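Letter by letter, the chains look like this.
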Amino acid sequence: MAYSLITLEHAKSPISEAYRTLRTNVQFSSVDSEIKKIMITSSGPREGKSSTIANLAVSIAQTGKSVIVIDADMRNPTQHKLFGLDNGQGLSVALLQDQDYRKYVKETAVPGVMVLTGGPIPPNPAELVGSKRMKGLIEEFSQEYDMVLIDTPPIIAVTDAALLVQDVDGVILVLAAGEVNKDYALRAKEQLDKVGARILGAVLNKVDMKTNEYYYYYEYHGSDDTTKKKHKGHKGR
Ligand SMILES: Nc1ncnc2c1ncn2[C@@H]1O[C@H](COP(=O)(O)OP(=O)(O)O)[C@@H](O)[C@H]1O
Ligand SMILES: [Mg+2]
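By convention here, each chain's residues receive numbers from 1 onward along its written sequence. Lettering of chains starts at A and numbering of ligands starts at 1, both following the order in which they are written. Reporting in this predicted model follows two pLDDT cut-offs: at least 70 for local features of residues, and 80 or more for side-chain atom pairs to be given and counted; totals over whole chains, interfaces and linings ignore these cut-offs and use all residues.

Engineer: I'd love a proper account of the overall build of the chain, names of residues and values included.
Structural biologist: Helix and strand assignments come from DSSP, with helices taken as H or I runs of at least 4 residues and strands as E runs of at least 2, each series counted from the N terminus. Counting its secondary structure elements, the chain contains eleven helices and seven strands. Residues with at least 20 other C-beta atoms within 10 Å of their own are called buried, those with 12 or fewer are called exposed, and the rest are partly exposed. The C-beta atoms themselves are positioned from the backbone. When the 237 residues of the chain are sorted by exposure, 47% land in the buried category. Put simply, 75% of the contacts in the chain that link residues at least 6 apart link residues at least 24 apart. A pair of residues counts as a contact when their C-beta atoms, built from backbone coordinates, are separated by no more than 7 Å.

Following this line, the structure appears as structure tokens:
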């Protein structure tokens, strides 16, 4: 199985439990100020941004809340793949056309989760993401849904994520254990600080369950497929 919507396919697995812990942490961040609009980024590609945001969306929806996932990684959109949707139209088109954004929002197989896919790759993603229309779209969705989750490209590589920081209430930084270069991770944090991001927390993803060092933390962080073999008692629903 591709590592995708594990929260849906294996709701009782330790990995899904880790996503529920993330959900709880996000909810607790909301104590002092409302946190409805959350962006996810990382220092580099393939650290697990898109998987984390999709699974977080599912676990939030499982509490009866409505969630919209906006795929603002228009350079490499993948949310449509995770949710099995068509990407012929999406955010890039919604921002270019002067029409109701809602027209481009798609329902998913998961009750409560809606997705605005990335759409065809535009020539000017940073310009689109930094536009007034994008700001308006996020604001409008935050009134319509309980939670708005935004997927973005890596913050070190391109400006898109930094441009979105002022439009969201908080940022989750995903770090791939054993893959991420420490300097890059620090640089990502610095760049987020520079633009005044409220970092809600970091997700240590792709933790190797075979190393004892991390073993105790499996409930708090994502992990790889080996967990499933180890915890035979948790076969999902
Ligand atoms: N915790 C994990 N364990 C194993 N594989 C993972 C994990 N998280 C993500 N992946 C895999 O790593 C790849 C990159 O993940 P993705 O979420 O698309 O990253 P990003 O959005 O940061 O580029 C995908 O093939 C995904 O299935
Ligand atoms: Mg991605």
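Engineer: Lay out the nonpolar core in plain terms, naming residues and giving numbers.
Structural biologist: Nonpolar side chains in soluble globular proteins tend to be buried together. Ala57, Val67, Val69 and Leu149 are the most contacted members of the largest nonpolar core, which has 68 residues in total. Those residues in contact with Ala57 that lie beyond four places of it in its chain are Val67, Val69, Val113 and Leu149. A set of buried Ala, Val, Leu, Ile, Met, Phe, Trp, Tyr and Cys residues, joined through C-beta atoms within 7 Å, is what we mean by a nonpolar core.

Engineer: Tell me what's going on with unusual backbone geometry, and back it up with residues and numbers.
Structural biologist: Positive phi values are uncommon outside glycine, yet Arg46 reaches one of about 60°. Inspection of the secondary structure assignment puts Arg46 in the loop between strand E1 (37-42) and helix H3 (49-61). With a phi close to 55°, Lys206 is a non-glycine residue in the positive phi region. Within the fold, Lys206 resides in the loop between strand E7 (199-205) and helix H10 (212-215).

Engineer: Explain the confidence of the model for the chain to me, and be specific about the residues and the numbers.
Structural biologist: The predictor's confidence in any single residue is recorded as pLDDT, a number from 0 to 100. This prediction gives the chain a mean pLDDT of 87; 86% of its residues lie at or above 70. With pLDDT under 50 throughout, residues 212-237 is counted as low confidence; its partners more than four residues away or in other chains account for 52 contacts.

Engineer: Kindly report on the environment of Leu22, identifying the contributing residues and their values.
Structural biologist: Tracing the backbone through its elements, the reader meets Leu22 in helix H2 (residues 14-29). For Leu22, a count of 22 C-beta atoms within 10 Å gives the class buried. Considered as a pair, Leu22 and Ile172 are 150 residues apart in the sequence and their alpha carbons are 9.9 Å apart. Beyond its immediate chain neighbours, meaning those up to four positions away, Leu22 contacts Leu56 and Val203.

Engineer: Residues and numbers for the pairing of strand E6 (residues 170-176), please.
Structural biologist: For E6, the tally of buried residues reaches seven of seven residues, placing the bulk of the element in the interior. Alternating residues of E6 divide into Gly170, Ile172, Val174 and Ala176 and Val171, Leu173 and Leu175, and every residue in both groups is buried. Pairing of E1 with E6, which is carried by five bridges, proceeds in the parallel orientation. Residue Thr41 lies in a different strand from E6, and its bridge partner there is Leu173. Across six bridges, E6 lies against E7 in parallel orientation. For Leu175, the partnering residue across the bridge sits in E7 and is Leu204. Handedness of the crossover joining E6 and E7 through helix H9 (residues 182-194) is recorded here as right-handed. Here a strand pair is declared whenever DSSP counts at least two bridges between the two strands. Assignment of crossover handedness uses the view with strands pointing away from the viewer, where a clockwise path from the first strand over the helix to the second indicates a right-handed crossover.

Engineer: I'd like to hear about helix H7 (residues 132-144), residue by residue, with values.
Structural biologist: The periodicity of an α-helix, 3.6 residues per turn, causes residues three or four positions apart to be oriented the same way. In a regular helix each residue adds 1.5 Å, so 13 residues correspond to 18 Å; H7 covers 19 Å between its end C-alpha atoms and thus fits that length. Buried within H7 we find Met134, Leu137, Ile138 and Phe141. Seen along its axis, H7 keeps its buried residues to an arc of 95°; they face one direction. Along H7, the residues that are exposed and aim more than 90 degrees away from the buried face are Lys132 and Gln143. Of the surrounding secondary structure, the elements contacted by the buried residues of H7 are E1, strand E2 (67-71), helix H5 (91-96), helix H6 (125-129) and strand E5 (147-151). Each residue after the first adds 1.5 Å to the expected span of a helix. The arc refers to the directions leading from the helix axis to the C-beta atoms.

Engineer: Could you give me a rundown of H9, with the residues and numbers involved?
Structural biologist: In this model H9 runs 18 Å from its N-terminal to its C-terminal C-alpha over 13 residues, within 8% of the 18 Å that 1.5 Å per residue would give. Immediately downstream of H9, the backbone of Gly196 shows phi near 75°, a positive value.

Engineer: Which residues make up the packing of H2 against H3, and what are the values?
Structural biologist: Between H2 and H3, the least distance of the axes is 9 Å, while the angle of their chain directions is 75°. Classified by the angle between their axes, H2 and H3 sit roughly perpendicular to one another. Facing H2, whose interface residues are Tyr19, Arg20, Leu22 and Arg23, H3 presents Asn55, Leu56, Ser59 and Ile60. Under the grouping applied here, Gly and all other residues not named as nonpolar or charged are polar, the nonpolar ones being Ala, Val, Leu, Ile, Met, Phe, Trp, Tyr, Cys and Pro and the charged ones Asp, Glu, Lys and Arg. Residues of the contact of H2 with H3, tallied by class, amount to four nonpolar, two polar and two charged. Axis geometry follows a simple rule: fit a line to the C-alpha atoms, using only the stretch in contact for helices, then measure angles between N-to-C directions, giving values from 0 to 180 degrees. Roughly parallel refers to an angle under 35 degrees, roughly antiparallel to one over 145, roughly perpendicular to one between 65 and 115, and oblique to any angle outside these ranges.

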